[in-house]
Structure formats: structure tokens, C-alpha cells
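Observations on the three-dimensional arrangement
Okay, here's what each chain looks like letter by letter:
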Amino acid sequence: MSTNYADDSLMLHTDLYQINMAESYWADGIHERKAVFDLYFRKLPFGNGYAIYAGLERALAYLNDFRFTESDIGYLRDELGYREDFLAYLADLRFTGDVYSMAEGEVVFGNEPLIRVEAPLIQAQLIETALLNIINYQTLIATKASRIKQVVKGDVVMEFGSRRAQELDAAIWGARASVIGGVEATSNVRAGKLFGIPVAGTHAHSMVQAYESEYEAFHAYARRHKDCVFLVDTYDTLKIGVPTAIRVAKELGDKINFLGIRLDSGDIAYLSKESRRMLDEAGFPEAKIIVSNDLDEYTIMNLHLQGAKVDQWGIGTKLITAYDQPALGAVYKLVSVENSRGEMEDRIKISSSAEKVTTPGVKKVYRIIDRENGKSEGDYITLADEEPEKEQRLKLFHPVHTFISKFVTNFDAVNLHTQVVRDGELVYELPTLDEIVEFSHARLDLFWDEYKRSLNPEEYPVDLSQKCWDNKMRNIHEVRERIHDFELHEKEAE
Ligand SMILES: Nc1ncnc2c1ncn2[C@@H]1O[C@H](COP(=O)(O)OP(=O)(O)OP(=O)(O)O)[C@@H](O)[C@H]1O
Ligand SMILES: O=P(O)(O)OC[C@H]1O[C@H](OP(=O)(O)OP(=O)(O)O)[C@H](O)[C@@H]1O
Ligand SMILES: O=C(O)c1cccnc1
């Protein structure tokens, strides 16, 4: 990365207020108190019925490099005026906490902790912004990719978005997240190099323009590349493009692998059907039709309805920018903190909207899987000391509309959290990207299709255990009492 600082780090990739809070904690001597934060999103994106969790690998790399560098400290001193005593403390600060997380590629839902951080308050606070930045984006893109994959059925999808992504990092990590969501390949060569993602591509209109004619351009491409996909829409798809692709493919015969053609404009349904007919009649029934041009799951669905003859989809802008919902909205909330006597105390954030009230306490997330049909019945959030895996019967009830409930028996309760960092050290063997993709596919099989359809999916239950719910109600009650006492006190003071 080009920067004026040889030792630049991600430590200042945070909001100013995190450092200001950190300074106050430190000055008051509460910075080492243990704090527990949950990272979660509230609402599934794109109206989808599930999300695909992505970003863990980068989040762990970030925690591993948690260390203010000389230039970080210099900037805080020289430009922002932080005092020497605090800066000396920051210079020696390392991440020493514990982190629990879902596995990357997991199928996840709203209001369940994807990550739980248990760390000295100052550390847990300082990492909020970067963690959210990473998980919000990657989970959003993996989910968009998965949504697109549900719609294309078995067709191959290639991620073509680098040129439209929100800058370089988004292109690279978005390509990786797309693959976690099920996309088969990316056009971004660096993403291929960094993550081992298959890279794929055709050629651009500029090549046809540069050689002036399709005939020259296709031949030029074929002279240096055995695998050939010809872009046929530069001048006129059906009059020149497809006939020229066929002509060149016939002329070169076995000298090339004529893989197919790409369409990038016009009426894709009509042009793909006509192109298919022409290729078949010319003796190329195996040649694939690849399409691109501002595609997303809605256009693809509509093209299917029109009987478009498409084999592979190249998707750029609308995938890499999560065009119809550019943010996931994941949050990072304090749920428990050590008090002056060294005991953990749960903390809650109240809101006028029930969905926004946080769920206090150190929690675990279980997936309740029906042993008979192997499908998931719901996710079940418990307090840390609960063991639903040992229960015979569980009551699952909606955390807001509590009258919606059901009992489950004959189930497996699978703990979705794994400890990934202990005392600041990575204690988790990072899976390869292939393993993540395979895991994610397998996890999707746990869910009925009703949760996976792209339009108006069924709402998958994410419920609180009775104990967790009671604890939340107790905390709400305590806050209400405190507000009441405060009001009384104010009135008396008047
Ligand atoms: N048969 C179709 N049904 C529905 N949408 C289609 C169909 N064919 C193409 N589209 C979509 O309609 C949009 C058409 O884009 P646009 O108006 O840019 O036209 P274009 O012919 O591609 O022109 P350009 O050469 O500027 O790309 C794209 O998003 C494309 O994916
Ligand atoms: O439409 P998207 O989903 O974003 O997919 C990426 C687009 O990028 C290219 O177009 P561009 O006009 O940039 O270059 P080109 O001349 O190679 O078509 C390509 O042809 C796709 O249309
Ligand atoms: O290889 C392609 O066809 C490609 C790559 C990036 C963007 N659009 C198309």
C-alpha cells in the first residue's frame, strides 16, 4: 500500500472516539477490567432468509497485528495531542483477550453473536471499528453472492466487479467473500494469487476495437490463448459477432478450445436464444454462452423466465458493491463488564424499538438440528453456563412475540462458537478457502428451501433460552428502576 509511513498499521483504522474512550478508561484505571462484546447484525440483508458469515480470517490477522507502531504513536502525539503517559501505555499494548466466533462460511441470522470478544475493556473497545468494517463488508458480499447462486441454480458465476468496487481492498476481499458465497471464479488476478481463487475471463470490446474487426481480434486472441471465449457484441451480435466467432472456431478447429461466446449488451434473452441456435446449427452444441451487463439475481430470474439460453454469468457491479443494500449494519455491543469487586456484571442498552434492545450476558449460540430429518429447527441463544446439548426437550419461543413458541425433542444442539483466540494467541487452525466453501455448502443443506428462497423467505427462528430471556427482562427492569429513582431524585432536588 502506498503511504508516507513505512511502519503504517491498522491500529489507527478506528474511530477517534475509540481512542478517546480508551484514554478515559486508562486514566480512571478501569482499562484492564474484563469486558465482553457481541458482534452481530440485526436484520438480514436484501430481504434474504439467511446470511453467509465471512471476514474471520482477516479479522484474526488484524488482531494478530494489534500493535501501535512508532508512526501511529507519533501521529497521536504530534497531530492529535494525546499525552505522553497514555501514549507510552499504548505503545506497549498487545491484544491479550479471548475471541469466540462462528466458522467462516457459516449460515447465520440476525441477532445472534457472530463474534464474542472477551478482553480487557480498553482492547475490546479499540478493535470495534476495524472488526465491524471487515465483517460487515465481507458478510454482506458473501450473502449477496449466495443469493445470486440460489437463483442461477447450477450455472457457473464469475465475479467481474473489480473495476466497480469501492476501491482496491473491496475488490480483493469482495472477490474472496463472493467465493465463500458460492461464486466459482473471479476476474481479479491478485485475488487469485492471494487466496488461490480460480481466475477466469474473456476479453474486452477494446480488443475488438483495437484490431478493428472481430475476425482479426479473435484470431489474435487465439494465436496466444488455447481456451477461447469470444466477445460478440461490439458491432452487431447476430450479424457479425456470432458468425465471426463460428468462422474463426471452424478455421482453427483443434488448434483452440472454443469454449464459447460472451454477450454484454442488448436483449440477453433474445440474443442468447438466437446465438444458441446459431452455435448448435454450426456444430458447436458444447460452446457455452456467457453473459454479463449489470446483472443481479432479479435480472437473472427474469431471464430464466424468458427462456434465456445462458450457461455462465459474469457479475460485477451489483455483486461487489451490494448495490441494493450497501451496508449490513452489524453492531458491536457491550454485554458484560467486570466491576470494582472483580465480578462480571451484565450490561444492557435500552431502545424504544424492541429489536434494538441488546441481550445482556455472556452467551453461546446453538443450532438445534432435528435428528430425524437432519434439518435445522432454529438457533438457540443461551447464557454461558447452559448446556442444551444435555436437554431432552427445549422450548423455542420468539424473543419479542413470546407467544410464538414450539417444543423440540430428539434434537442435536450444536454449539456454533469456536474459540479462535486465547490470551491473544491464535488457537484455531484456519481452514483453506476450499474448505470454507465446502463447509458453507454443507451448512446450507441444513435448511429447508423455505428459508432459502430469494423472495419473502420464511423467518428462521433465532430464540433466546428461558434463562437468557429472564436475564434480559431482569436487566430491563433494573434499568427502569434506575430511571425511576433518578427521576424521583431530580424531583426532590427541585
Ligand atoms: N431480456 C431481458 N430482460 C430483462 N432484462 C434484460 C434483458 N436483456 C438485458 N437485460 C438487462 O437490461 C439492462 C440493459 O442495459 P442497458 O440499458 O445498458 O442496455 P445495453 O443494450 O446493454 O446497452 P450498453 O451497450 O450501454 O450496455 C441490463 O441490466 C441487462 O442485464
Ligand atoms: O456489468 P457488470 O455486472 O458491472 O460487469 C462487469 C462489466 O465490466 C465490463 O464492462 P465495461 O464496459 O467496463 O468494459 P468492456 O468494454 O470490457 O465491456 C464487462 O463487459 C461487464 O459488462
Ligand atoms: O473477463 C471478462 O470477460 C471480464 C472481466 C471483468 C469485467 N468484465 C468482463
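Being a predicted model, the structure only gives us computed values, none of them experimental.

1. Observations concerning the confidence of the model for the protein chain
- Taken residue by residue, the protein chain gives an average pLDDT of 97. The fraction at 70 or more is 100%.
- The ipTM, which scores confidence in the relative placement of chains, is 0.97 for this predicted complex, and the corresponding pTM is 0.97.

2. So, the sheet that holds strand 5 (residues 115-120)
- The strand order across the open sheet built from 7 strands is 13-12-1-5-3-19-20, with neighbouring strands paired in antiparallel fashion. Each edge of the open sheet carries a strand with a single partner, namely strand 13 (344-346) and strand 20 (425-426).
- Sheet topology places strand 3 (residues 98-101) next to strand 5; 4 bridges connect them, and they run antiparallel. If you follow Ser101 over to strand 5, its bridge partner there is Ile115.
- Lying over the sheet, helix 2 (residues 56-64) contacts strand 3, strand 19 (418-422) and strand 20, oriented at roughly 20 degrees with respect to strand 19.

3. A short note on the site of ligand 1
- Close to ligand 1 lie Ser265, Gly266, Asp267, Ile268, Ala269, Asn293, Asp294, Leu295, Thr299, Asn302, Leu303 and Gln306.
- Grouping the constituent residues of the shell around ligand 1 by class yields 4 nonpolar, 6 polar and 2 charged.

4. Side note on the site of ligand 2
- The full set close to ligand 2 counts 16 residues, and Ala204, His205, Ser292, Gly316 and Thr317 are the nearest of them.
- Split into classes, the residues belonging to the shell around ligand 2 amount to 4 nonpolar, 7 polar and 5 charged.

Quick notes on the rules
Residues numbered from 1 in each chain as written. Chains lettered and ligands numbered in written order. Predicted model: local features only at pLDDT ≥ 70, side-chain atom pairs only at ≥ 80, totals over all residues. pLDDT = per-residue confidence, 0-100. Pairing = 2+ DSSP bridges. Helix = DSSP H or I, 4+ residues; strand = E, 2+ residues; numbered from the N terminus. Contact = placed C-beta atoms within 7 Å. Axes fitted to C-alpha atoms, helices over the stretch in contact; angles between N-to-C directions. Near = placed C-beta within 6 Å. Nonpolar A, V, L, I, M, F, W, Y, C, P; charged D, E, K, R; others polar.

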